[in-house]
Every structure is written in C-alpha cells, then in structure tokens.
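These are the residues of each chain, in order.
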Amino acid sequence: MTWHTHEITNQFDELQNYQLFATDTPLREALARAGAAGFQAQLDTYGTTLGQAETYALADQANRYTPELKSFDARGRRVDQVQFHPSWHQLMALYRKQGLIAMPFADERPGRWSAWAAGFYLHGQVEAGTLCPATMTQAAIPLIQREPALWAAMKDQLLSPDYDERDVPLARKKSMWVGMGMTEKQGGSDVRANTTTATPTGQGEREFTLRGHKWFFSAPMCDAHLVVARTADGGPSCFFVPRWRPDGRKNPIEIQRLKNKVGNRSNSSSEVEFKDAHGILMGEPGRGIPTIIEMATYTRLNCVVGSAAMVRQGLVQGLAYARQRKAFGRLLVDQPLMRAVLTDLALENEANVVLMMRLAQAYERDDSPVEKAWKRVMTPAAKFWVCKRAVELTGEAMEIFGGNGYVDDGVMGRLFREAPVNSIWEGAGNVMCLDVMRAIGKAPDAAMALLQDLSQGLGEDARLVAAQQSLLAMLREPPEQLEALGRRFAERLVLLAQACLLRRHAPNAVADAFINTRMDPQWGRVVGSIDIRALAVDAILQRAFPG
C-alpha cells in the first residue's frame, strides 16, 4: 500500500538562475559614476555565471566538504598539505580568471577599483571563503611592488589570471597566492606582543630564519605569507616567507592543526610553527607593524565589500521568497510588518553600496587630503559598522524563511555563519574604532577634510547638519574621553556618510527613507522597527530587486 498523506504547496526554493549584476541597479549606477563603463560587460557575464544553480552547488559543496590536513605522506615524510574538495578549486579558478586580483594594479583604465569592488561583491554573494586568499594576495601586491627583487621575480605570477593549484616551488608555478601570519596566542590583535624571532642567515642582508608560531595562519596552502617576527633589536619586522625554500626544499613551517571555524568553512585557517623557516625582510627593520598595517588597510576594504555582499544576498533571497510565500491569506511581501523588514534591509543594502564604491574611488585616486582621509579614516569605520551590521542582518534575512532558513541546506545558513568573520578578521570592532581614533589623533586635519567633504551632501536637512555637529563636538573631547566614544563616533560617521552619499546619488525615495529612519532617535534597536507609512515602499523594493 502506498501512503499519500499530503500535497506540498506554498514551498519555494532559494533563488537561483538569475543575473546578479543585471538586477542590481544601485551597483550599476555606482559603476557608471566611477567611469567604469568599460568593465560592465565582463561584470554582467560574471554575474550571470555566478547566479547559475551550478555555481550555487559548487559553493554548497565547498562548504560541506571542508579542507582536510594531511601532515605526512604514505612513507612518513612531512608534507603539511591541506586537501580541498574539487569545488573549491573550481571556484578559485573562476574568480582568478576574471583578473580581479590584479585589476587595481595591472589595469590603467578609470574605474578599475570600482570594477574590482563590483566583481568581489558579486562573488561574495555566492561563496565567501574563496575570497580570503584572493583578498590577501591582492593586498600583498602593493607591498611586494616596493621590493624590487621580489617584484621582478613574482610579478607575472601575482598578476596572472591563471589558477595553479599545484603544491610546487614558485619557480614552477603559473600563478601564486599570498597569505598572512600575524596573530599569536598571547597577543591576538596586539601584534607588538609577538614572540616569533627572526635571525639573520649571514647569506644576505635581507635573508633570515624564523622561529616561533602563529595562532591564525591563513591560508596555509598559499605559496607565500607575509609574517611579523622580531629581529635581534626587539623590533617587529615584516617578512616574505615562501612555502618552498629557494633550493627546492619545503620551508619548515609545520601545520599543527586546522581551525574548526564557525563559518568560512570552505577556506582553511591554521596554527603553525616556524622551525627556522626561510624568510626575506620586507621594508625597514623594526617597521613591520606599519608595513603589515598597510596590507591590512586593503584587506579591511575587502571586508567591507564582502559583508555588503552578504547583506545583498540575504535581501535578494528574502525578497524573492516573500514575493511567493503566502501567510494568513496574503503574500509575505504584502504583510505590513514584513514590508518594514524588507524595506529596512533594502535601505541598508543601497547605503552599503554607495559607501563601498566611494571608498573604492578613494583607493584609486589617493591623490589628495580628502581621498587619503576617506581611505585612512573611513575604511576602519566602515569595516566596524558594515561588518557588524551584517551579522544582525543575515540573521534577520534567515528569519524571513522561518524554520527553513535555519536548516543548513541552502545559502541562508551559510550567510549567517559567514557574517562574523569579516567583523573579527583584521581587527574586531573595538580595534577598528581605536584605529579610527588613532588616525584622527595623528592627522586631525584628515577628519576635518572628511567632514567638510561630507558637508556637500548635507543640503538644508537639519538632521544631517545636527549629525555633523555632533561629530565635531566629539572631536573636541579630550583623547581619553574620545576613545571611550569610539563606537559611537564610528557609527555616526558611517551613517552620516551613507546619508550624504545617498542624498547625492540615490533617488529621493531611497535617500529620504534612509535619512528619515536612520536619523530617528528610536532607530536601530531591531531590524524593521521603522515607520513605513510615509515611505515609498514599493519603489524602494522594486529598485532593490525587480520583481
């Protein structure tokens, strides 16, 4: 006897087989403003590829079948290899093929940084773990460019669009990946507490051997890492540490274990020990912190874009689902409370896009006090705010699906697990706010230049003027008081920047709604706790993702 107990109705799969780029009006408008029209065709094609069910399947497999550590080969020889599911390699090859890693440095067309940000943003909506080695490799390029010998030897491999997964010496590879090793057990974000030592080999003034450990070493299968270690004078210096020694032997960097992370599971992070590993000094001795912080500045921008990507994917998935699912006799998208939630998510999404794309322009220009202020002050502030908000917003997007969102069979659960990594990596929230304060303390004129630039978008809106005045008042506080206000200052700085950018570039319906909600003293306690009665909800949602 065949039992038949019920029909399956009113159930809808997560969105796939759609065009990520073509359906993203705010992103396309931002590219046009940046003069990046020459990149649009490539990004459109990439967005279509990423949106296919096959690509989502690769992302699922890469996170389901996680990396495995192989310490020894069959005959007991130490190999320290991390083995990945084939889906990881396919996704890595897909990203590398776009030329996005090298684009900001190898392409001279205007809008190249904006085009890179758009490509990173599109990829991050589908799979984020593969962007970790891509981020570190890209961020290492400007540092390596200042080392003539290293750059001459590795330029072609760093800029190559080819993917080469082989674990062989660099001289035999078509392309390369670069990782980072800063954190140690006793110090965490306090890199000055590091104990790893670097000793001159006597074979060249820039050649050293490193002995010590790293608590987070990402990603261990990269062809080289930038590592902080102490020289004899006690100062922390930065070193280029290859996976293979120049003589063809494996560099003695032993992987103790892989991290069992909450999210970012497709990517490998590890704990390692250096047993007199070969390293090449980068920059000046004792100047390792400023050197590695420069790299971190680039990676923090990537964190902003990556978190914005997760918010975007959560919004799109939630909105597509709400337009199909019925509850209590109406589509979810027509339920007043759900409309408030979706509108709040849509406003956050567009505010993230204008902010990250404005930051990308600052990295491309970097030719004036204003652009330098955007880069130095706004980057850590944006990382603090956008990455932290992504943790809450991905959880809210998951809730749109109810229990189905909490089941780990699709993208929603992966977004939620992935979101905290960007908020923690390269400096958690307090570190970012302290960095904002440090940047202002070292260059007070930078903060004033930034606020002056933002003032062009204030118009006659008394709420925005009051927000700017509040920031100026905080800047007049004694340093010890201002440090305690770090989170408050960073939050308000980002919200003011987003409001001003939307006022300049977004339709009035979007800009008015963002300002009306974010400048409401009661805003922010929970997503969707906004008054939508005077907002153009249908126009905002249609612009966010056409239905």
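Before reading further, recall that the structure is shown in the block above.
Please read these numbers as outputs of a predicted model, since none were measured by experiment.

Scoring rules and cut-offs
Residues numbered from 1 in each chain as written. Predicted model: local features only at pLDDT ≥ 70, side-chain atom pairs only at ≥ 80, totals over all residues. Heavy atoms only, no water. Salt bridge = Lys/Arg side-chain N within 4 Å of Asp/Glu carboxyl O. Helix = DSSP H or I, 4+ residues; strand = E, 2+ residues; numbered from the N terminus. Buried < 20%, exposed > 50% of the residue type's maximum accessible area, 1.4 Å probe, protein only. Arc of directions from axis to C-beta. Contact = heavy atoms within 4.5 Å. Pairing = 2+ DSSP bridges. Phe/Tyr/Trp six-rings, centres within 6.5 Å; stacked < 30°, edge-to-face > 60°. Lys NZ or Arg CZ within 6 Å of the ring centre and 35° of its normal. 1 Å grid on protein atoms, 1.4 Å probe; cavity = no way out; pocket = protein on both sides within 12 Å on 5 of 7 lines; lining within 4 Å. Points joined across faces, edges and corners; volume = space filled by probe spheres on them. Polar contact = N/O pair within 3.5 Å; in protein donor to acceptor, adjacent residues only side chain to side chain.

Take the pattern of salt bridges next. With the rule as written, the count across this model stands at 38 salt bridges. Its salt-bridge partner being K250, residue D80 comes within 3.9 Å of it at the nearest N-O pair. Remark: K250 occurs in the loop between β7 (236-242) and β8 (253-258) and D80 occurs in strand β2 (residues 78-83); sequence separation between them is 170 residues. Among the residues examined, D80 registers a relative accessible area of 1% and is labelled buried.

Below, the discussion takes up helix α20 (residues 537-544). Buried within α20 are the following residues: V537, I540, L541, R543 and A544. All buried residues of α20 fall inside an arc of 160° around its axis, so they share one side.

It is worth spelling out the environment of M295 at this point. Relative to the helices and strands, M295 is located in helix α9 (residues 288-322). Overall, the relative accessible area of 0% leaves M295 in the buried class. Taking the C-alpha atoms as reference points, M295 and A139, 156 residues apart in sequence, are found 5.2 Å from one another. When sequence neighbours within four positions are dropped, the list of residues in contact with M295 reads M136, A139, A140, L143, G179, M180 and L226.

Here the focus is the pairing of strand β1 (residues 68-72). In summary, the side chains of a regular strand alternate between the two faces of the sheet. In terms of strand pairing, β1 meets β2 through four bridges, oriented antiparallel. Its bridge partner being in β2, L69 is matched across the sheet by V82. Linking two consecutive strands that pair antiparallel, namely β1 and β2, is a turn of five residues; a positive phi of about 85° is found at G76 within it.

This paragraph deals with the packing of aromatic side chains. Tallying each qualifying case throughout the model produces 16 aromatic pairs. Both rings, one in W215 and one in F216, keep their centres 6.5 Å apart while their planes meet at 85°; by these two values the pair is edge-to-face. Connected via pairs of aromatic rings, a cluster forms that spans Y95, F105, W113, W116, F120, Y298 and Y363. We note R109 situated over the ring of F39; from NZ or CZ to the ring centre the distance is 4.0 Å. Its end group placed over the ring of W374, R358 keeps NZ or CZ at 4.5 Å from the ring centre.

Let us now look at unusual backbone geometry. Glycine aside, residues mostly have negative phi angles, and peptide bonds mostly take the trans form. Between S218 and A219 the backbone carries a cis peptide bond, its omega angle lying at -20°. Inspection of the secondary structure puts A219 in the loop between β5 (207-218) and β6 (224-230).

If you add up the space inside the second largest pocket, you get close to 370 Å³. Forming the walls of the second largest pocket are 23 residues, and the residues nearest its centre are M154, L170, P242, P246 and I280. Of all the secondary structure elements, the ones that give two or more residues to the lining of the second largest pocket are α8 (148-159), β7 and β9 (269-282). At five residues, the largest contribution of residues to the lining of the second largest pocket is made by α8.

What follows concerns the side chain of N267. By the element assignment, N267 lies in the loop between β8 and β9. Among the polar contacts listed, one links the side chain of N267 to the side chain of N264, at a separation of 3.1 Å. Excluding its chain neighbours within four sequence positions, the residues that come into contact with N267 are P67, W88, G129, C132, P133, A219 and K261.

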